[in-house]
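Per-entry structural report
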Amino acid sequence: MDYRHIRLPSQGQKITVADGQLQVPDEPILGYVEGDGIGPDITRACLRIWDAAVAQAYGGKRRIHWCELFLGEGAAARYEGDYFPDETLRAIQELIVAIKGPLTTPVGEGFRSLNVALRQQLDLYACVRPVRHYQGVPSPMRHPEQVDVVIFRENTEDVYAGIEYQSGSEQNQRLAQFLRGELGANFFDDAGLGVKPVSPFASKRLVRKAIQYALDHQRESVTLVHKGNIMKYTEGAFRKWGYEVAREEFGDRTITEDQLYEEYGGKQPEGKVVIKDRIADIIFQLMILRPQEFDVLATMNLNGDYLSDAIAAQVGGVGIAPGANIGDHVAVFEATHGTAPKYAGQDKVNPGSLLFSGVDMLEYLGWQRAADMIRIAYQDTVTDGIVTYDFARQMEGATEVPTSGFADALIERLGDADLESRRAERARELAAERAERERRRMQAPDEEMLASGRKPVTVADIMTRSIISVPASASVDAALRVMREHDISAVLVEPTDVQEWGVMTRRDVVGRVAGGGRSSAEVTAGEVASRPIITVGADTPLSDFGRLMMERDIRRAVVERNGEFVGIATETDFTNSVEQFGWVRGE
Ligand code: NAP
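This section reports on the structure supplied with the text.

What counts and how
Residues numbered from 1 in each chain as written. Predicted model: local features only at pLDDT ≥ 70, side-chain atom pairs only at ≥ 80, totals over all residues. Heavy atoms only, no water. Near = heavy atom within 4 Å. Polar contact = N/O pair within 3.5 Å; in protein donor to acceptor, adjacent residues only side chain to side chain. Areas by Shrake-Rupley, 256 points an atom, 1.4 Å probe, with all protein chains shown as cover. Nonpolar A, V, L, I, M, F, W, Y, C, P; charged D, E, K, R; others polar. Salt bridge = Lys/Arg side-chain N within 4 Å of Asp/Glu carboxyl O. Helix = DSSP H or I, 4+ residues; strand = E, 2+ residues; numbered from the N terminus. Buried < 20%, exposed > 50% of the residue type's maximum accessible area, 1.4 Å probe, protein only. Phe/Tyr/Trp six-rings, centres within 6.5 Å; stacked < 30°, edge-to-face > 60°. Pairing = 2+ DSSP bridges. Contact = heavy atoms within 4.5 Å. Axes fitted to C-alpha atoms, helices over the stretch in contact; angles between N-to-C directions.

Taken together, 17 residues are adjacent to the ligand, and Leu103, Gly338, Ala340, Tyr343 and Tyr389 come closest. Within the backbone of Thr339, a nitrogen or oxygen atom sits 3.0 Å from an oxygen atom of the ligand. Separating an oxygen atom of the ligand from a side-chain N or O atom of Tyr389 is a distance of 2.5 Å. Relative to its free-state accessible area of 880 Å², the ligand is covered by the protein chains to the extent of 64%. The class makeup of the residues in the shell around the ligand is nine nonpolar, five polar and three charged.

Turning our attention to the pattern of salt bridges. Under the criterion given, the structure shown has 50 salt bridges. Note that Glu235 and Lys196 form a salt bridge whose closest N and O atoms lie 2.7 Å from each other. Taken together, the residues Glu235 in helix α7 (residues 232-249) and Lys196 in the loop between β9 (193-194) and α6 (200-216) connect sequence positions 39 residues apart. Close ionic contact of Arg239 with Asp277 constitutes a salt bridge, the shortest N to O distance being 2.8 Å. Of this pair, Arg239 sits in helix α7 while Asp277 sits in strand β12 (residues 273-279), and the two are 38 residues apart along the sequence. Among the residues examined, Asp277 registers a relative accessible area of 8% and is labelled buried. Put simply, Asp360, Glu363, Arg369, Asp372, Arg375, Glu420 and Arg423 are held in one network by salt bridges that share partners.

A few words on the packing of aromatic side chains. The full count for this structure, using the stated rule, is 13 aromatic pairs. Their ring planes at 55° and their centres at 6.4 Å tell us that Phe70 and Tyr79 sit as a pair that is tilted. With respect to burial, Phe70 and Tyr79 carry one shared label: buried. By the ring-pair criterion, three or more aromatic residues cluster together here, those being Tyr134, Phe356, Tyr378 and Phe406.

The next subject is the sheet that holds strand β19 (residues 490-493). Taken in spatial order, the three strands of this open sheet run β18-β19-β20, and their pairing is mixed. Each having just a single partner strand, β18 (469-470) and β20 (502-505) make up the two edges of the open sheet. Sheet analysis places β18 next to β19, joined by two bridges and oriented parallel. Residue pairing in the sheet places Ser469 in a bridge with Leu492 of β19. Sitting on the sheet, helix α18 (residues 476-486) is in contact with β18, β19 and β20, with an inclination near 75° to β20.

Attention now moves to the sheet that holds strand β3 (residues 29-33). Strand order in the open sheet made by the eleven strands is β4-β3-β5-β15-β14-β6-β7-β13-β10-β12-β11, with mixed pairing throughout. Strand pairing shows two members of the sheet lacking a second neighbour, β4 (65-68) and β11 (254-256), which therefore form its edges. Shown here is a sheet whose adjacent strand axes are inclined to one another by a mean of 25°, direction ignored. Pairing of strand β5 (residues 97-100) with strand β15 (residues 331-335), which is carried by four bridges, proceeds in the parallel orientation. What sits directly across from Ile99, in β15, is Phe333.

In short, shape yes, function no, at least from these values alone.
Next up, the structure:
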């Protein structure tokens with residue numbers, strides 16, 4: 001391929017994709033963009049560290065051949081003011097894997113952000129942010145070591161899709177008129193209007209990637225983070241599609257949190273990832289109170305944006321948090337902070353964010369040994385008190401070094417003498433934590449579920465799952481016995497030649513038997529059952545279920561999924577849920 005300013009190295013081979021898998025040669029060519037502001041300072045330092053680690057880890061058998069690419073100011077200087085040259089995009093597509101420093105977005109050039117443009121142009125639909133703590137790094141948490149999550153943020157839609165209409169504009173007025181006139185929507189005059197598209201296609205490919213990651217990295221769970229209790233058809237739908245992907249594409253390798261408790265008694269089966277979900281605002285609390293419960297988080301664009309910075313702050317700030325934007329194969333790893341122009345060229349700032357993005361890149365290539373070596377050497381450098389200014393001002397007795405000095409100190413500490421024992425130590429720690437969580441789930445499942453922030457959102461979350469039926473001719477006494485034995489509050493009553501299916505609840509017995517002055521031994525279930533039975537979909541939001549019960553004056557409904565009865569939900573289940581978990585809607 002012809003390039004104007006990009007020079008492919010004469011040695012090394014390109015990464016390829018075969019059968020959906022990345023094929024990484026021993027001497028791959030990788031793209032890098034220095035970036036603007038502090039970009040050159042941190043990139044120079046990181047290139048040295050990555051190269052040294054690869055050389056040591058593989059005894060010279062592997063080596064990266066770097067190909068410089070240009071974006072931002074570095075591009076504008078070469079491409080007649082073009083901040084976003086087309087050939088850089090082509091080169092990234094050709095090389096498949098690249099890493100970049102921070103970029104200055106030109107003001108008034110038609111870009112909202114170069115980073116957003118890059119994600120859209122290359123369809124890098126997953127923003128992946130691993131966040132974990134390294135011993136010695138200053139943190140506001142008492143136990144920052146409990147934070148070890150990977151956030152998968154959807155990159156292409158949600159309110160970031162840019163479908164927005166300014167207050168007072170002609171388009172805004174036309175849309176407002178349509179929404180009010182045609183759809184009966186109600187909002188204040190002159191409201192700015194934005195559209196929040198969330199599609200099954202984009203949601204599913206994001207969740208698919210998160211689940212695959214969890215499986216590949218032996219992670220315990222994937223949590224779908226959403227605000228589906230309020231935004232049902234966007235965030236609620238994301239949750240629904242997320243569970244659908246898990247069920248349809250990873251059915252034999254995933255279980256839901258419900259299954260974990262109900263079918264496995266809280267003991268996680270070997271080799272299976274638990275799929276759970278949490279409401280977005282609750283996850284912020286939980287990541288502070290019980291971060292150890294979470295592993296891989298999958299969420300939409302806006303939630304993910306907030307969440308990744310908030311969690312990064314827990315373990316030492318956004319200054320060292322790594323990130324990557326990944327499509328089906330093409331991946332661009334990046335520093336997550338900006339260009340910090342006031343420090344540009346001073347050899348002063350922390351290279352941590354770009355460094356760890358590169359560590360994740362090495363993992364993406366499958367070069368785990370080099371990645372682990374850097375992680376360990378980083379930790380050793382920081383625990384020896386050798387840090388850049390930003391950490392030095394938060395640590396007592398630290399030695400402040402420049403960016404390049406930090407790289408020197410880290411490279412000195414690279415080595416594989418105790419790599420295996422340190423890896424084994426970490427694996428032991430993780431296994432012990434996992435066993436402790438399992439013990440609590442098995443001993444006190446209800447308390448654990450409540451404390452771990454699980455809140456019911458849909459009818460499926462509160463229903464009685466065992467569908468048990470009794471013949472219409474059974475006495476109410478017999479039916480009550482069945483309910484007691486199975487610890488359920490309602491049974492289905494089977495049809496007869498003249499009557500259809502019905503439902504009998506404890507409440508019916510009080511109302512129709514005791515209230516009518518009759519004995520429960522004489523009356524049959526068929527007589528007291530409610531008919532016709534009302535069915536609701538398992539995914540019906542609880543608030544809709546509450547409304548349905550009020551509007552139709554019913555106290556129970558049979559829950560169906562894909563045309564099959566899967567449970568019974570009653571007024572009692574509903575009120576118990578509100579009592580126990582609070583009124584989820586409207587929070
Ligand atoms: P910023 O560049 O991230 O800098 C804000 C502050 O964060 C700095 O003043 C510094 O704090 C701290 N900081 C950032 N990177 C650091 C590092 N490597 N080591 C230590 N401290 C670090 O954010 P900004 O000032 O809002 O944005 C500046 C420019 O960057 C803008 O043009 C923006 O568009 C661009 N930007 C680019 C990206 C990207 O390319 N990914 C992302 C965000 C922003 P102290 O002052 O406390 O020392």
